[in-house]
Amino acid sequence: MHIIIKHEKLHFIEVKLIGLCSMDEFSVFVDELRAAIANFPVGDRPPATLYDFTDAKIQTQEVVAAMKALAEHPAMVHRRVALYTEGVLARRQALRISENRPNMCVFKGRAAALDWLTANDLMSS
């Protein structure tokens, strides 16, 4: 399951992943994320994304590979993304997803992730 929240004032989309995600659920998630991005108010840059993996289970290798492919898709690579989770194994999966993205960082908590995501000096990157 997932929840997508648009934070227009701070110019980011928040995604909360819960439980174990099947490939069918991932497909629905991708469609909903693309719609959220497409319908986000136009600004001087695309909205950033904050992923909360706190309540997510360890995902299957197939789902992790699909998440990594999404992260590396040409339409997505220009967007800044912060991921966070306290779980060691979930953080390893997040690091694997983000390994080829210099503008995607993994954090242990929401506050640090949000600080990085909304920092003024990063807003132009």
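Residues numbered from 1 in each chain as written. Predicted model: local features only at pLDDT ≥ 70, side-chain atom pairs only at ≥ 80, totals over all residues. Heavy atoms only, no water.

Across its full length, the chain holds four helices and five strands. Written out in order from the N terminus, the α and β elements of the chain read β-β-α-β-α-β-α-β-α. In terms of C-alpha radius of gyration, the chain reaches 13 Å, essentially the compact-globule figure of 14 Å for 125 residues. In terms of overall dimensions, the chain has a C-alpha envelope of 35 × 25 × 25 Å along the principal axes. When the 125 residues of the chain are sorted by exposure, 45% land in the buried category. (Helix = DSSP H or I, 4+ residues; strand = E, 2+ residues; numbered from the N terminus. Rg over C-alpha atoms; globule rule 2.2 N^0.38 Å. Buried < 20%, exposed > 50% of the residue type's maximum accessible area, 1.4 Å probe, protein only.)

Reading across from one edge, β1-β2-β3-β4-β5 is the order of the five strands in this open sheet, with mixed pairing throughout. The open sheet has two edge strands, β1 (2-7) and β5 (104-107), and neither has a second partner. Ignoring strand direction, the axes of neighbouring strands in this sheet form an average angle of 15°. The sheet contacts of helix α3 (residues 88-98) involve β3 (48-56), β4 (81-84) and β5, and relative to β5 the element is tilted by about 170°. (Pairing = 2+ DSSP bridges. Axes fitted to C-alpha atoms, helices over the stretch in contact; angles between N-to-C directions. Contact = heavy atoms within 4.5 Å.)

Bringing a nonpolar patch on the surface into the picture now. A cluster of nonpolar residues, M1, I3 and I5, forms a patch on the protein surface that exposes about 260 Å² of accessible area. The residue I5 is located in strand β1 in this model. (Patch = residues over 30% accessible without salt bridge, like charges linked within 9 Å, V, L, I, M, F, W, Y side chains within 5 Å. Areas by Shrake-Rupley, 256 points an atom, 1.4 Å probe, with all protein chains shown as cover. Salt bridge = Lys/Arg side-chain N within 4 Å of Asp/Glu carboxyl O.)

Following both chains from N to C, one finds helix α1 (residues 23-38) and helix α2 (residues 61-72) inclined at 20°, their axes separated by 10 Å at the closest point. As the angle between them shows, α1 and α2 are arranged roughly parallel. The interaxial crossing formed by α1 with α2 has right-handed handedness. Residues M23, F26, F29, V30, L33 and R34 of α1 pack against E62, V63, A66, M67 and L70 of α2. (Parallel < 35°, antiparallel > 145°, perpendicular 65-115°, else oblique. Left-handed = near helix turned anticlockwise from the far one by under 90°.)

Attention now goes to the pattern of salt bridges. Under the defined criterion, the tally for this structure stands at six salt bridges. A salt bridge links R110 to E14; the nearest nitrogen and oxygen atoms lie 2.9 Å apart. Pair noted here: R110 is in helix α4 (residues 110-118) and E14 is in strand β2 (residues 12-19), with a separation of 96 residues, a long-range link. Judged by its relative accessible area of 33%, R110 is partly exposed. Several salt bridges converge on common partners, so that one network encompasses K16, D52 and D55.

That is the geometry; function is a separate question.
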